[in-house]
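# Breakdown of the fold
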Amino acid sequence: MNVSEALQSRRSVRRFTADAVLGEDINTLMHAAMSGPSACNARPWDFWCVTSEEKLALLRKASRFSNMKAPLAVVVCGNLKKALPMGMADYWIQDCSAAIENILLQAVELGLGAVWCGLHPQKGAVTRTREALDLPESIVPLGLLWIGHPAESPAPRDQYDEKRVHYV
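Here's a quick rundown of the structure. (Residues numbered from 1 in each chain as written. Predicted model: local features only at pLDDT ≥ 70, side-chain atom pairs only at ≥ 80, totals over all residues. Heavy atoms only, no water.)

## Quick notes on the sheet that holds strand 2 (residues 72–79)
This is how the line gets drawn: Following DSSP output, two strands are said to pair if at least two bridges run between them. Helix numbering and strand numbering both begin at the N terminus, where a helix is a DSSP run of H or I of at least 4 residues and a strand a DSSP run of E of at least 2. Fitted lines through C-alpha atoms serve as axes, helices being fitted only where they are in contact, and the angles separating the N-to-C directions of these axes extend from 0 to 180 degrees. Contact criterion: two residues are considered in contact whenever any of their non-hydrogen atoms come within 4.5 Å of each other.
Ordered in space as 1-2-4-3, the four strands form an open sheet in which the pairing is antiparallel. Only two strands of the sheet have a single partner each, and these edge strands are strand 1 (45–50) and strand 3 (113–118). When strand polarity is set aside, the average angle formed by the axes of neighbouring strands in this sheet is 20°. Sheet analysis places strand 3 next to strand 4 (residues 139–148), joined by six bridges and oriented antiparallel. When the sheet's bridge partners are listed, G113 is paired in strand 4 with G148. Packed on one face of the sheet, helix 5 (residues 123–133) meets strand 1, strand 2 and strand 4 and runs near 75° to strand 4.

This is how it looks when you write it as structure tokens:
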């Protein structure tokens, strides 16, 4: 599969089979995540790969949009201790977002389905996720990815809109 195929095929999958995601696939997803760009190569990210049913149940309650039944949750977090200083501190959000997109695209190539549920800046969702995973204040959960073998296959689509492109 080439990049264009992955981009067109990547769709949010919200229904999954009960089949576990293989450890080698999780490792591949994490390699993809950390291959993303990072401002000044700070890499202010940490990843929680959750397969414990107890923790998955808690994460399903993190936000009103996170009630998915998948065998794997990946919580992508900004590590503020690794963030750039002062006025550049919020670049962690962009860095972690790039990591998330890499995970989503890698999942397509692996034949997995995934959906990205935003956490930050929802204070309640961040707090519930921190509590579920016992995260310190210096770790900010940005996104919750539900990943598994898809039980649905949304059709590929091209969302290009030439009216949104401006040439100068």
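## Some remarks on helix 3 (residues 53–60)
Operational definition: Burial here depends on accessible area, computed with a 1.4 Å probe over protein chains only, as a share of the maximum for the residue type. Under 20% is buried, over 50% is exposed, and the range in between is partly exposed. Working note: the arc is built from the helix axis to C-beta atom directions.
For helix 3, the set of buried residues is L56, L59 and R60. The buried residues of helix 3 occupy an angular sector of 105° when projected down its axis, which confines them to one face. Taken together, the buried residues of helix 3 touch strand 1, strand 2, helix 5 and strand 4.

## So, the packing of aromatic side chains
Put simply, the rule reads: Between the rings of Phe, Tyr and Trp (Trp by its six-membered ring), a pair exists once the centres lie within 6.5 Å; its type follows the angle of the planes, with under 30 degrees stacked, over 60 edge-to-face, and the other angles tilted.
Taken as a whole and judged by the stated rule, the model has one aromatic pair. Plain terms: the ring middles of W45 and F47 are 6.2 Å apart, the flat faces sit at 45° to each other, and that makes the pair tilted.

## So, the pattern of salt bridges
To keep things clear, this is the line we draw: Salt bridges are counted wherever a side-chain nitrogen of Lys or Arg sits within 4 Å of a carboxyl oxygen of Asp or Glu.
Applying the stated criterion to the full structure yields five salt bridges. Taking the shortest distance from any N to any O, the salt bridge between E137 and R130 comes out at 3.6 Å. You can call E137 exposed: its relative accessible area is 62%. Bridged by salt links that share partners, the residues E53, R60 and K69 form one connected network.

## Remarks on helix 4 (residues 91–109)
Quick reminder of the rule: A helix's residues, less one, multiplied by 1.5 Å, set its expected span.
Counted at 1.5 Å a residue, the expected span for helix 4 with its 19 residues is 27 Å, and the 28 Å between its end C-alpha atoms agrees. Residues of helix 4 that are buried include every one of W92, D95, C96, A98, A99, I100, I103, L104, L105, Q106, A107 and V108, and no others. Check the buried side of helix 4 and you find it contacts helix 1 (3–9), helix 2 (23–33), strand 1, strand 2, strand 3 and strand 4.

## Here we look at the side chain of T129
Cut-off, in case you're wondering: Any N or O atom pair separated by 3.5 Å or less is treated as a polar contact, with the protein-specific requirement of one donor-capable and one acceptor-capable atom, and with residues adjacent in sequence counted only for side-chain atom pairs.
For T129, the position within the fold is in helix 5. Among the polar contacts listed, one links the side chain of T129 to the backbone oxygen of A125, at a separation of 2.8 Å. With residues up to four places along the chain from it excluded, the contact list for T129 reads L59, A62, V75, L119, L135 and P141.

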